[in-house]
Amino acid sequence: MKLIFLGPPGAGKGTQALGVSSRLNVPHISTGNMLRAAVRNETPMGLAAKKFMDAGKLVPDEVLIEMVRERLSMVDCKPGYLLDGFPRTVEQAEALEQIASPDRVINIAVPDECLLDRLTGRRVCGKCSGTFHISKLTDPGVCPVCGWTLTHRDDDQPVTIRQRLKVYHEQTAPLIGYYEGKGKITTVNGDCPPEEVLASILAALE
Ligand code: AP5
Ligand code: MG
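Residues numbered from 1 in each chain as written. Chains lettered and ligands numbered in written order. Predicted model: local features only at pLDDT ≥ 70, side-chain atom pairs only at ≥ 80, totals over all residues. Heavy atoms only, no water.

What follows concerns the site of ligand 1. Close contacts around ligand 1 come from 35 residues, with Thr15, Lys57, Arg88, Arg122 and Arg164 the closest. In this structure, arginine 164 approaches ligand 1 through a side-chain N or O atom, which is 2.6 Å from an oxygen atom. Notes on ligand 1: free accessible area 1,100 Å², of which the protein chains cover 93%. Of all the secondary-structure elements, those providing two or more residues to the shell around ligand 1 are helix H1 (13-24), helix H2 (31-40), helix H6 (112-120), strand E6 (131-133) and helix H9 (194-205). Here the shell around ligand 1 takes four residues from H2, the largest share from any one element. When the residues that make up the shell around ligand 1 are grouped by side-chain class, the tally is 15 nonpolar, 11 polar and nine charged. (Near = heavy atom within 4 Å. Polar contact = N/O pair within 3.5 Å; in protein donor to acceptor, adjacent residues only side chain to side chain. Areas by Shrake-Rupley, 256 points an atom, 1.4 Å probe, with all protein chains shown as cover. Helix = DSSP H or I, 4+ residues; strand = E, 2+ residues; numbered from the N terminus. Nonpolar A, V, L, I, M, F, W, Y, C, P; charged D, E, K, R; others polar.)

Pasting the structure below:
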């Protein structure tokens, strides 16, 4: 299965991808996680990408398309993939058609007014990749799954979140129509508890 998760920042793409990729036995490929790893490792690409990410803007298409082309050529992608955060522009979607056309697209819909709180309250684990909201944590600094230190993403500040939402509406939301035209997209309600979102996604994939 070649699957895409589409949705605004904070829709729950990463949260849902963990459960869905293990069920489908395909790798979870988050371009945001790949870029953040490149930033941490201070690679030339990571250093160039950081400027865009910190400003809440998209990293240029040619960088992302090459990164995804290389990742999808790896042997673990033979059974398929779950792409989270790619494509984000029509140009990226057109490139993906040439690399490995997706079978299905799940659009996780959440109203903008819910997203600011989700993102300002998000804490992430650098070890197990767990994603949590501070309201659900007894200790906001410690991962409840593996005990590692939790951090707040650099781009989860209110000003940057507003910019990311603007970019989403201008550049990424048109992909909903793009995949409707191909008859591949299902929209699920992401504004309900995570277990309900997962159930809707699995039902859509049956
Ligand atoms: P990326 O890392 O992809 O960020 P994003 O798309 O903005 O999405 P997020 O990771 O913020 O949200 P999510 O949907 O994964 O939500 P999550 O599950 O964490 O990209 C970052 C940057 O990299 C971009 O801005 C850009 O600069 C660059 N980039 C990446 N890909 C690119 C591309 N293709 N082209 C160009 N540039 C690119 O959940 C969020 C919070 O909500 C958590 O606290 C979670 O606990 C909570 N939550 C989750 N589900 C629920 C629920 N059902 N109910 C209540 N709370 C929930
Ligand atoms: Mg994510």
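Strand E1 (residues 2-6) sits mainly inside the fold: four of its five residues count as buried. Pairing geometry for E1 and strand E4 (residues 104-109), over four bridges, is parallel. Pairing of leucine 6 across the sheet is with asparagine 107, part of E4. (Buried < 20%, exposed > 50% of the residue type's maximum accessible area, 1.4 Å probe, protein only. Pairing = 2+ DSSP bridges.)

Attention now moves to the pattern of salt bridges. One pass over the structure, following the stated rule, counts nine salt bridges. Between aspartate 54 and lysine 50 there is a salt bridge, and its shortest N-O distance comes to 2.6 Å. Highlighted residues: aspartate 54 and lysine 50, both in helix H3 (residues 44-54), separated by four residues, approximately one helical turn. Judged by its relative accessible area of 37%, aspartate 54 falls in the partly exposed class. (Salt bridge = Lys/Arg side-chain N within 4 Å of Asp/Glu carboxyl O.)

We now examine H2. Turning to H2, its buried residues number three or more, namely Thr31, Gly32, Leu35 and Ala38. The buried side chains of H2 occupy one side of the element, clustering within an arc of 125 degrees when seen end-on. Along its buried surface, H2 packs onto strand E2 (28-30), H3, helix H4 (61-72) and strand E3 (81-84). One or two positions beyond H2, positive phi appears at glutamate 42, with a value near 55 degrees. (Arc of directions from axis to C-beta. Contact = heavy atoms within 4.5 Å.)

This part takes up helix H8 (residues 174-181). Leu175, Ile176, Tyr178 and Tyr179 are the residues of H8 that are buried. Across the axial projection of H8, the buried residues extend over an arc of 160 degrees, all falling on one side. Across H8 from its buried face, at more than 90 degrees, point the exposed residues Glu180 and Gly181. Against the buried residues of H8 lie E1, helix H5 (90-100), E4, helix H7 (158-172) and strand E8 (185-189). At the C-terminal side of H8, glycine 183 shows a positive phi close to 65 degrees.

Moving on, we get to the nonpolar core. Nonpolar side chains tend to gather and get buried jointly when the protein is soluble and globular. Formed by 27 residues in total, the largest nonpolar core has its most connected members in Leu35, Leu72, Tyr81, Leu83, Phe86, Leu96 and Tyr179. Going through the elements one at a time, E1, H3, H4, E3, H5 and H8 are the ones with two or more residues in this core. Apart from the residues lying within four places of it in its own chain, the contact partners of phenylalanine 86 are Ile4, Thr31, Leu64, Ile65, Val68, Gln92 and Leu96. Formed by 20 residues, the second largest nonpolar core is a distinct cluster that contains Val26, Leu82, Ile108 and Leu165. (Core = buried A, V, L, I, M, F, W, Y, C linked by side-chain atoms within 4.5 Å.)

This paragraph deals with the side chain of aspartate 155. Counting through the fold element by element, aspartate 155 comes out in the loop between strand E7 (150-151) and H7. Residue classification places aspartate 155 among the buried positions, given a relative accessible area of 11%. Setting aside anything within four residues of it in sequence, one finds aspartate 155 in contact with Met53, Thr160, Ile161 and Arg164.

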